[in-house]
Amino acid sequence: MPALEAQLAIHKVAKENAQGLYASPPAQGSGWQLDQLEVGVPGGDVLVRLHTHIAPGRLTAIVGPNGAGKSSLLATLTGQWAPHAGQILFDGQPLTRWPSADLARRRAMMVQDGSVAFDFTVQEVVELGRYAHRLQPSRNEAAIVHDAMAATQMEAFAGRSVRSLSGGERARAHLARALAQVWEAPSGDQARWLLLDEPTAAMDLAWQHRTMDLLQHWAQVRGVGVVVVVHDMNLALRYADDALLVHGGGCLHGPVGDVLSLQTMRDVWGVGCFAATAPDGTQQYLFAGADVGMGLGG
Ligand SMILES: Nc1ncnc2c1ncn2[C@@H]1O[C@H](COP(=O)(O)OP(=O)(O)OP(=O)(O)O)[C@@H](O)[C@H]1O
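Remember, it's a predicted structure, so these values are computed and weren't measured experimentally. (Residues numbered from 1 in each chain as written. Predicted model: local features only at pLDDT ≥ 70, side-chain atom pairs only at ≥ 80, totals over all residues. Heavy atoms only, no water.)

## Focus: the nonpolar core
Here is step 1 of the chain: Of all hydrophobic cores here, the largest spans 56 residues; its most connected members are Val-122, Leu-194, Leu-196, Leu-215, Val-226 and Leu-260.
Here is step 2 of the chain: Top contributing element to this core by residue count: helix 7 (residues 167-181), with 7 residues.
Here is step 3 of the chain: In contact with Leu-194, other than residues within four places in its own chain, are Ala-108, Ala-178, Leu-179, Val-182, Leu-215, Trp-218, Val-224, Gly-225, Val-226 and Val-227. (Core = buried A, V, L, I, M, F, W, Y, C linked by side-chain atoms within 4.5 Å. Buried < 20%, exposed > 50% of the residue type's maximum accessible area, 1.4 Å probe, protein only. Helix = DSSP H or I, 4+ residues; strand = E, 2+ residues; numbered from the N terminus. Contact = heavy atoms within 4.5 Å.)

The structure is reproduced here in structure tokens:
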């Protein structure tokens, strides 16, 4: 079995191998250094062990089965949950030493549950993204809010109660809020980050692709680090640079095509899968259903 395939026998190695394909994380620097990190629900068991580095300017897809710990990892990256063990360094400094106001200007989060406590309009929700900048506002505050709504085509909904929106529209409003929060670099050339938990889950096919395309653009052109939880392997294969697969208590982190191999589909999800190449050369998968091996039904 080739070395890569051996590493991707996930269920056999995950518990021992918390490193993945990026087995030697670079020395402290920009981005997220996950140093012998153990993630879990506060007071609960450890769900995932990780030792890796997430670099800015790349789109990293977090993938894995339901309940594997993807949202728990994001909650730990944002500092909402403390790690069970190990530490997180953000731009070389322990996350716990970062003042929350500084962090809020550098990274925006979009959670899975997009419900809001008050009856805010879409514009008010997007303006909330600018709250972190209230002490040092940009000269472009109004334009940023407008442009963030335009980026997700929500200008026409600006005055609508966010509670009245469909699931996909609400997701676009919250994405606009996150974009507004990190629209401009706060100072110098510091990288900004988007940490997004299944932003495309409620979106139709077109918006799934528009959203991932937008995020890829932000990573490639603006140098923003994008960490996004997705369940759609074809979205990950098409738009992500890297995949961080969370499974069986460990993780595999590496170039998306290496991590999300045909073997991974079978080993982790038990789903038969065929590769097809799109006209633009992107590898995509056709799924043959659960536990059917390589047969296409019948
Ligand atoms: N607040 C909580 N209290 C108790 N258990 C929790 C809590 N939040 C999550 N869990 C449990 O921790 C495990 C990991 O949950 P998490 O939401 O991180 O998974 P996930 O990989 O994001 O799953 P999904 O793909 O379904 O969104 C699950 O078994 C879940 O039931």
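## Re helix 3 (residues 70-77)
Here is step 1 of the chain: Buried residues dominate helix 3, accounting for 7 of its 8 residues.
Here is step 2 of the chain: Among the residues of helix 3, Lys-70, Ser-72, Leu-73, Leu-74, Ala-75, Thr-76 and Leu-77 are the ones counted as buried.

## Thoughts on the sheet that holds strand 9 (residues 242-247)
Here is step 1 of the chain: Pairing in this open sheet of 6 strands is mixed, and the strands run 6-7-8-3-9-10 from one edge to the other. Strands at the two margins of the open sheet, each flanked by one partner only, are strand 6 (107-110) and strand 10 (250-255). Averaged over all pairs of adjacent strands, the angle between their axes in this sheet comes to 15 degrees, without regard to strand direction.
Here is step 2 of the chain: Relative to strand 10, strand 9 runs antiparallel, the two being bridged by 6 bridges. Residue pairing across strands places Ala-243 opposite Gly-254, the latter belonging to strand 10.
Here is step 3 of the chain: Each of strand 6 and strand 7 (193-197) is contacted by helix 7, which is oriented at about 170 degrees to strand 6, the strand it contacts most. (Pairing = 2+ DSSP bridges. Axes fitted to C-alpha atoms, helices over the stretch in contact; angles between N-to-C directions.)

## Topic: the confidence of the model for the chain
Atomic detail in the predicted coordinates should be set aside for any region of low pLDDT.
Here is step 1 of the chain: When the pLDDT values of the chain are averaged, the result is 88; 87% of them are 70 or greater.
Here is step 2 of the chain: Contacts for the low-pLDDT stretch residues 293-298, under 50 throughout, to residues beyond four places or in other chains number 8 contacts. (pLDDT = per-residue confidence, 0-100.)

## Looking at the site of the ligand
Here is step 1 of the chain: Within the structure, the ligand sits among 14 residues, and Gly-67, Gly-69, Lys-70, Ser-71 and Ser-72 are positioned closest to it.
Here is step 2 of the chain: In isolation the ligand offers 640 Å² of accessible surface; the protein chains occlude 55% of this area.
Here is step 3 of the chain: A per-class count over the shell around the ligand returns 5 nonpolar, 7 polar and 2 charged. (Near = heavy atom within 4 Å. Areas by Shrake-Rupley, 256 points an atom, 1.4 Å probe, with all protein chains shown as cover. Nonpolar A, V, L, I, M, F, W, Y, C, P; charged D, E, K, R; others polar.)

## Description of unusual backbone geometry
Note on backbone geometry: most residues besides glycine have negative phi, and most peptide bonds are trans.
Here is step 1 of the chain: In this structure, Asp-91 is a non-glycine residue whose phi angle is positive, near 50 degrees.
Here is step 2 of the chain: Summarising the element assignment, Asp-91 is placed in the loop between strand 4 (85-90) and strand 5 (93-94).
Here is step 3 of the chain: For Gln-153, which is not glycine, the phi torsion reads 50 degrees and is therefore positive.
Here is step 4 of the chain: As for its placement among the helices and strands, Gln-153 is situated in the loop between helix 6 (141-151) and helix 7.
Here is step 5 of the chain: Taking relative accessible area as the criterion, Gln-153 reaches 44% and is therefore assigned partly exposed.

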